[in-house]
Each structure stands twice: as structure tokens, then as C-alpha cells.
Amino acid sequence: MAKSLRPLIAANWKMNGDMSWVFKPADFAALYHAEDREHLDVLICPPATLLGSMLDPQQTGVLLGGQDCHAEVSGAHTGNVSAEMLKDAGASFVIVGHSECRAAGDTDAAVNAKAKAAARAGLTPIICVGETEAEREAGKAQKVVAAQIKASVPKLKSFVIAYEPVWAIGTGKTATPEDVAEMHDAIRALVTPKTRILYGGSVKPANAEALLALKNVNGALIGGAGLEMDSLVEIAKSAPKS
Ligand code: PEP
């Protein structure tokens, strides 16, 4: 069934990759031809060291994004990159509030400031939210996610939400389609109808079709399976036509 929002299939390479990986978008494009890709957006978020060397999105049709950004434009912030720097290096999106960054100290307020910085630089922020296993077991998943959205999503014209249950990231455990549908329906009630809501957490070719078919799932944020272009192609092919 056609969906009204164009699916976004986003790969987060995390701290993986060297200069030989800059060619992977071309592998993706070769395996998955442009006409088949017309109904969706494919995004790769490589380490910042590779961003400026990656193949031109205009040539490959594969968009580029950052994995995190600082809230300031520039200054004495050793080890950080600003949203403006990511834009300058070819990014059009940036992930903010990934659970690995939240675990390292990013508060909702920090995520909110980073999302605003992304918009200031002309990037679309992908704002991550998600409950821990203990919060889910305590029946608090929806409450936790709603509170994260309230505090970490600024008023912006354009942003993407990624629902990533912390216990499903990099663990091989995936939320059931029923749990994902329930959470995405709840998130839909908090954001505008044109906001894309991605699911993330051990998405792979074997489970992508069932997850991407859900009404309020508008794409996926993919870690491990996004490192292999053939897996990423399989996942992208599972996306329903927009
Ligand atoms: C992620 O890091 O955002 C993620 C979803 O990872 P994985 O797909 O490996 O669970």
C-alpha cells in the first residue's frame, strides 16, 4: 500500500570506516538503481572524518549526514564539530540525541539545543528518543518517550523523529511490530502529519519489511546492518512505495 510520507532509510556507521569506505554509496547505487530509489530517501551518516571525502550525493543519490553536532557555531570545544561544519562537508541531516550520546551525558536540553543548531545550519535533525528495558518492563515506555519528545524537540519547521528502544540497539533484539506500531501511533499524536518517524533497533533484511509496512513507520535508522551495502539495499527494497 502506498504511504503518503517518503520513507527515509538511514545508516549510522558510528565509529566505523576508513577512507576506502567513501566509495560505499557508489556500491549502493550500483546495486539499487536510481529508478527503484525514486520513492525513498537513502542517507548514510559516516564518521565526521569521512564526510568531506564521501562521493557527491548528486552523483550517487545517497544523502549524507552527521552523527552528532555541537550546539555552538564555532569556538573552544575540543573534539566537537558544529552543524555548520557538517553542512560545509556535505551533510543535509544530522542525528542528535542518539542513546549512545544520551548515555554519555546528553540531556534533553542539550539535544534540544543541538536540534536547533542543526536547523540554524540548514540541516534536518533526526532526533532520537527511546526507553530503556527497565522503563519498558515498568510499563513506562510511552510516558518516557513522550517526555523526551516534549523536552528535546524544539519548534522547527522540519525534523525527523527516530524511535529507538535502547534495549534493541546493537543487541539483535527487535521490538515486536505490535510494540512498534503502538509507540509510533503514540508519537504521531505528538508531531505533525508531515514529520517522518523512523524505527531503529536491530533492523535487518529479515525484519525490515514487517516494520516498514506499519502505518506510522516512515523509515528506519540502522546501525550494524547499514555497514554492509547489500544489507542496506535489501532493507531499502523492503520500504513500501511512497
Ligand atoms: C543505532 O545505532 O541507531 C541502531 C539502531 O543500531 P543497530 O541497528 O545496530 O541496532
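Structure shown above.
Residues numbered from 1 in each chain as written. Predicted model: local features only at pLDDT ≥ 70, side-chain atom pairs only at ≥ 80, totals over all residues. Heavy atoms only, no water.

**Some thoughts on the overall build of the protein chain**
To keep it simple, the criterion reads: Under the DSSP-based scheme used, a helix requires at least four consecutive residues in state H or I and a strand at least two consecutive residues in state E, with every element numbered from the N terminus. Throughout, the radius of gyration refers to the C-alpha atoms, and the reference size of a globule is 2.2 Å times the residue count to the power 0.38. Whether a residue is buried, partly exposed or exposed follows from its accessible area with a 1.4 Å probe, protein chains only, as a fraction of its type maximum: under 20%, in between, or over 50%, in that order.
Counting its secondary structure elements, the protein chain contains eleven helices and eight strands. Relative to its length of 242 residues, the protein chain is compact, with a C-alpha radius of gyration of 17 Å against a globular reference of 18 Å. If you line up the protein chain on its principal axes, its C-alpha atoms span 45 × 45 × 30 Å. Buried positions account for 51% of the 242 residues belonging to the protein chain.

**Examining empty space enclosed by the protein**
To keep things clear, this is the line we draw: Buried and open spaces are told apart on a 1 Å grid over the protein atoms alone, a cavity being a set of points where a 1.4 Å probe fits but cannot get out and a pocket being an open set with protein on both sides within 12 Å along at least five of seven lines. Residues with an atom within 4 Å of a point are the lining residues. Grid points are joined across faces, edges and corners, and a volume is the space filled by probe spheres set on the points.
Inspection of every chain in the model, using the stated rule, returns one cavity of 30 Å³ or more. Counted as a void, the largest cavity has a volume near 40 Å³. Lining the largest cavity are Lys3, Leu5, Pro7, Leu212, Val217, Asn218, Gly219 and Pro240.

**Notes on the sheet that holds strand 8 (residues 219-222)**
Operational definition: Between any two strands, pairing holds if DSSP finds at least two bridges. Note on geometry: axes are C-alpha line fits, over the in-contact stretch for helices, and angles between N-to-C directions span 0 to 180 degrees. Only heavy atoms enter the contact rule, under which two residues are in contact if any of them lie within 4.5 Å.
The parallel closed barrel is built from eight strands, whose spatial order is 1-2-3-4-5-6-7-8. Across this sheet, the average inter-strand angle for adjacent strands is 25°, counted without regard to direction. Sheet analysis places strand 7 (residues 196-200) next to strand 8, joined by two bridges and oriented parallel. Residue glycine 200 lies in a different strand from strand 8, and its bridge partner there is leucine 221. Lying on the sheet, helix 9 (residues 177-188) is in contact with strand 6 (160-163) and strand 7; it crosses strand 7 at an angle near 150°.

**Regarding the nonpolar core**
Our working rule: In these notes, a set of buried Ala, Val, Leu, Ile, Met, Phe, Trp, Tyr and Cys residues joined through side-chain atoms within 4.5 Å is what counts as a nonpolar core.
Membership of the largest hydrophobic core comes to 60 residues, with the highest contact counts inside it found for Ile9, Trp13, Phe28, Ile161 and Tyr199. Tallying contributions element by element places helix 11 (residues 229-238) first for this core, with five residues. Contacts of phenylalanine 28, omitting those with residues within four sequence positions, involve Arg37, Val42, Val62, Met229, Leu232, Val233 and Ala236. Counting twelve residues, the second-largest nonpolar core is a separate cluster that includes Leu8, Cys45, Ile95 and Leu221.

**A few points about the layout of surface pockets**
Here is the rule: Only Asp, Glu, Lys and Arg are considered charged in this grouping, and only Ala, Val, Leu, Ile, Met, Phe, Trp, Tyr, Cys and Pro are considered nonpolar; every other residue, Gly among them, is considered polar.
Within this model, the largest pocket holds a volume of roughly 400 Å³. Forming the walls of the largest pocket are 18 residues, and the residues nearest its centre are Pro47, Ala48, Gln67, Asp68 and Cys101. Taken together, the residues of the lining of the largest pocket break down into eight nonpolar, seven polar and three charged.

**Regarding the pairing of strand 4 (residues 93-96)**
Under the convention used in this document: We call a crossover right-handed when, viewed with the strands running away from us, the connection from the first strand over the helix to the second turns clockwise.
Neither face of strand 4 is exposed, since Phe93 and Ile95 on one face and Val94 and Val96 on the opposite face are all buried. Examined bridge by bridge, strand 3 (residues 63-66) and strand 4 share two bridges and lie parallel to one another. Residue glycine 65 lies in a different strand from strand 4, and its bridge partner there is phenylalanine 93. As for the winding sense of the linkage, the β-α-β connection from strand 3 through helix 4 (residues 83-88) to strand 4 is right-handed.

**Brief notes about the site of the ligand**
Filter applied, for reference: Near residues are defined by distance, with any heavy atom within 4 Å of the molecule or strand qualifying the residue. Throughout this description, a polar contact denotes any pair of N or O atoms lying within 3.5 Å of each other; where both atoms belong to protein, one of them has to be capable of donating a hydrogen while the other can accept it, and for residues adjacent in sequence the pair is counted only when both atoms sit in side chains. Residue-level accessible areas treat just the shown protein chains as cover; the underlying method is Shrake-Rupley with a 1.4 Å probe.
Around the ligand, the structure places 14 residues, and the nearest of them are Lys14, Glu164, Gly170, Ser202 and Gly223. A distance of 2.7 Å is found between an oxygen atom of the ligand and a side-chain nitrogen or oxygen belonging to glutamate 164. Serine 202 places a main-chain nitrogen or oxygen 2.7 Å from an oxygen atom of the ligand. Expressed as a share of its isolated accessible area of 290 Å², the protein-covered part of the ligand is 95%. Looking at the shell around the ligand residue by residue, the classes come out as four nonpolar, eight polar and two charged.

**Things to note about helix 8 (residues 141-152)**
Just so we agree on the cut-off: Helix span, as expected, comes to 1.5 Å for every residue beyond the first. The directions considered for the arc run from the helix axis to the C-beta atoms.
In a regular helix each residue adds 1.5 Å, so twelve residues correspond to 16 Å; helix 8 covers 16 Å between its end C-alpha atoms and thus fits that length. Restricting attention to buried positions, one finds in helix 8 the residues Ala141, Val144, Val145, Gln148, Ile149 and Ser152. Viewed along the axis of helix 8, the buried residues span an arc of 135°, placing them on a single side of the element. Residues of helix 8 that are exposed and point more than 90 degrees away from the buried face comprise Lys143 and Lys150. At its buried positions, helix 8 is contacted by helix 5 (99-103), helix 6 (108-121), strand 5 (124-129), helix 7 (133-137), strand 6 and helix 9.

**Looking at the pairing of strand 5**
Along any regular strand, the residues point their side chains to alternate faces of the sheet. When you tally the buried positions in strand 5, you get six out of six residues, the bulk of the element. Of the two faces of strand 5, both are covered, the one formed by Thr124, Ile126 and Cys128 as well as the one formed by Pro125, Ile127 and Val129. Pairing geometry for strand 4 and strand 5, over four bridges, is parallel. Residue isoleucine 95 lies in a different strand from strand 5, and its bridge partner there is isoleucine 126. The sheet contact formed by strand 5 and strand 6 spans four bridges and is parallel.

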